[in-house]
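Structural overview for review
Next come the chains, spelled out residue by residue.
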Amino acid sequence: MTRTVRTRFAPSPTGFMHIGNLRTALYAYLFARKNHGQFILRIEDTDRERLVENAVEAIYATLNLAGLRHDEGPDVGGCCGPYTQSERKHIYAKYAQELVSASHAYYCFCTKERLDTLTDETGNRRYDKHCLHLSREEVAEKLASGAPWVIRQNVPQEGVTTFSDMVYGEISVENRELHDNVLLKSDGFPTYNFANVVDDHLMEITHVFRGMEYLSSTPNYNMLYEAFGWEIPRYVHLPHIMKDKQHKLSKRHGDANFEDFIAKGFLPEAILNYVALLGWNPKTEVEKFSLQELVEAFDVSGISKSSAVFDEVKLRWLNAQYLKELSPQQLHAHALATPHYGAISTSVNLPLLSELLRPRISALSDIPDAAKFIDSFDGYSLSLFDHAGSKSSVQLAKETLPAVIAALEPLADWSNDALFAALEQLAAQRDLKKKQLLWIVRIAVTGHLSTPGGASEMCVLLGKEQAIERMKLSLERMVNG
């Protein structure tokens, strides 16, 4: 009988949502949805010393923003709860004792000082199975005396363990390279290694998605499954995401924070789309996918064995494609929901600004720079009026601006069409080329070489009062030198 596909995302609440964490969640989600299965969220909070306040809420917020809805989890419940490991503490002790009784694990009472002295022939830290040889009476005596303890996995030192991974194929590891990992600490909390195995079994996880750094320790997990007589899940180990060719992205060093990219003005769907392509080839020329399109296209066979380099330039390009497809209303709603309009004068026509900026920005955080002409008008260089391509000059601007002001000030219709028509008519009357006059007006009202629209659009954006005032100020500067 074919089992229902069940995947899980099991983050530790030790900080922000790293891009690597998000990719793991995304692939597990896509695989579950593609195979009509369930996607489970489990909070692994057994590392009590590294817990960060509000990190669980950040996990929920990120998954929600990314659109990765889980079927079971601490916040929505389910048939296999509780879904927070600290609430499952009693479960792990029971299974650890089963392993001890079957000689697949043992109590260890070694002090930190002794452990610090232990190294193998290569100089690496390695436990020497010292406490494995304690008699039952000695173990009972130490437990009765209150001596600090842990329970360690009893890994055989001979032979080879082989397993299959859906990305890396068949992998063999010599047992002598494996460690007697700690499974349970004396405070009753399990280690990551042990809790994962127990929880994945009890939650009926069929496919485990995780980073390739866990490849070497997978035999330890499989030995635990075999010791309990449990079915081993299928493994999908994911390649590293690199900061550059030499360095991995590091959560501990503040690299690639999902929330930071949102703050930089990237759209969640663009981030998710880009993350999907980090280590996965859709085997098509298409690069822009909606979440549903990713579900339909996703196949584990497209996951690369090689590391992927995070390229923010490529993310910017992809984000720009999303921004260009938004309607002016949608873009304006996104912009208003970010802090990037906060520094812009509210006297301008913000919906129009959104429309004008849409084809010119690759992230919402580009808005303040693209719109800096709005609040940084004074003191611009009059040499901006000198432009060979438009055959414009400071002198021509000085001669022409009074007529522009006289023509525009009486206008009751301050729309783009009306302004453009008035300027076009004025250019003909003064025997000027249209681009000469438009250049002069645009510089006169913005004081910037590059703007998101032409002269008439800038006048509409600023509003009649401010546009006329700026023309007069520009003229005054030219007249007074």
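Just so it is clear, the model here is predicted, and its values are computed rather than measured.

As for the nonpolar core
Counting 149 residues, the largest nonpolar core has F194, L408 and M471 as its most contacted members. Beyond its immediate stretch of four places on either side in the chain, F194 contacts Y92, Y95, A96, L99, L183, L224 and F228.

Here's the deal with the layout of surface pockets
Its boundaries defined by the atoms lining it, the largest pocket holds a volume of some 1,500 Å³. The set of elements that each furnish at least two residues to the lining of the largest pocket consists of β1 (6-9), α1 (19-34), β4 (150-153), β7 (182-185), α6 (192-202) and β8 (207-211). Within the lining of the largest pocket, the residues separate by chemical class into 16 nonpolar, 16 polar and 15 charged. Computed from the structure, the second largest pocket encloses a volume of approximately 310 Å³. Along the wall of the second largest pocket there are 13 residues; nearest its centre are V100, A105, Y106, R136 and V139. Looking at the lining of the second largest pocket, the elements with two or more residues in it are α3 (89-101), β3 (105-108) and α5 (136-144). Element by element, the count of residues in the lining of the second largest pocket is highest for β3, at three residues. The residue makeup of the lining of the second largest pocket, split by class, is eight nonpolar, four polar and one charged.

A look at the side chain of D199
Along the chain, the position of D199 falls in helix α6. For D199, a relative accessible area of 0% puts it in the buried group. Of note is the side chain of D199, whose polar atom sits 2.6 Å from the side chain of Y92. Excluding residues within four positions of it along the chain, D199 makes contact with R42, Q85, R88 and Y92.

Comments concerning the environment of N222
By the secondary structure assignment, N222 is in helix α7 (residues 218-228). The class for N222 is buried, based on a relative accessible area of 4%. Along the sequence, N222 and T161 sit 61 residues apart, while their C-alpha atoms lie 8.8 Å from each other. Leave out the neighbours within four places in its chain, and N222 touches F163, I232 and Y235.

How each quantity is defined
Residues numbered from 1 in each chain as written. Predicted model: local features only at pLDDT ≥ 70, side-chain atom pairs only at ≥ 80, totals over all residues. Heavy atoms only, no water. Core = buried A, V, L, I, M, F, W, Y, C linked by side-chain atoms within 4.5 Å. Buried < 20%, exposed > 50% of the residue type's maximum accessible area, 1.4 Å probe, protein only. Contact = heavy atoms within 4.5 Å. 1 Å grid on protein atoms, 1.4 Å probe; cavity = no way out; pocket = protein on both sides within 12 Å on 5 of 7 lines; lining within 4 Å. Points joined across faces, edges and corners; volume = space filled by probe spheres on them. Helix = DSSP H or I, 4+ residues; strand = E, 2+ residues; numbered from the N terminus. Nonpolar A, V, L, I, M, F, W, Y, C, P; charged D, E, K, R; others polar. Polar contact = N/O pair within 3.5 Å; in protein donor to acceptor, adjacent residues only side chain to side chain.

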